[in-house]
Amino acid sequence: MDLSTKSKENIEYMIEAIKSKLKMASGAAMSASAFHVNQYDDIRDVYDIVVSKERLSISEVEALAQELGRLRSKA
């Protein structure tokens, strides 16, 4: 997938990948529609961190989930 284009489809792809990797129990609450394209770069940063690591510590998962929540609340 070409993530160089800022689009709702790419945001949806990245959010789904993040939720899957973080194994978020509240994944349903983290809908891609809650994010705007103007937040693309921030979401891409979170995505890049998540996919670059084979394993994430509990504190990393919490911090990333908190960041997504912060981005979502700004939407």
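Residues numbered from 1 in each chain as written. Predicted model: local features only at pLDDT ≥ 70, side-chain atom pairs only at ≥ 80, totals over all residues. Heavy atoms only, no water.

A. Geometry of the packing of aromatic side chains. In this structure the tally under the stated criterion is one aromatic pair. Centre to centre, the rings of Y13 and Y47 are 6.2 Å apart; their planes meet at 55°, and the pair counts as tilted. With Y13 in helix α1 (residues 8–22) and Y47 in helix α2 (residues 40–52), the pair connects residues that are 34 residues apart, well separated along the chain. Under the relative-accessibility criterion, Y47 is labelled buried at 10%. (Phe/Tyr/Trp six-rings, centres within 6.5 Å; stacked < 30°, edge-to-face > 60°. Helix = DSSP H or I, 4+ residues; strand = E, 2+ residues; numbered from the N terminus. Buried < 20%, exposed > 50% of the residue type's maximum accessible area, 1.4 Å probe, protein only.)

B. α2, seen in detail. Along its 13 residues, α2 runs 18 Å from first to last C-alpha, staying within 8% of the 18 Å computed at 1.5 Å per residue. All buried positions along α2 are accounted for by Y40, I43, V46, Y47 and V50. Down the axis of α2, the sector holding all buried residues measures 130°, keeping them to one side. (Expected span 1.5 Å × (residues − 1). Arc of directions from axis to C-beta.)

C. Up close: the pattern of salt bridges. The full count for this structure, using the stated rule, is five salt bridges. Across the salt bridge formed by K19 and E16, the nearest N and O atoms sit 3.0 Å from each other. Of the two residues, K19 and E16 are both situated in helix α1; the distance of three residues between them amounts to about one turn of the helix. Residue classification places E16 among the partly exposed positions, given a relative accessible area of 39%. A salt bridge links R70 to E67, with the nearest nitrogen and oxygen atoms 2.4 Å apart. Of the two residues, R70 and E67 both sit in helix α3 (residues 58–74), three residues apart, roughly one turn of that helix. (Salt bridge = Lys/Arg side-chain N within 4 Å of Asp/Glu carboxyl O.)

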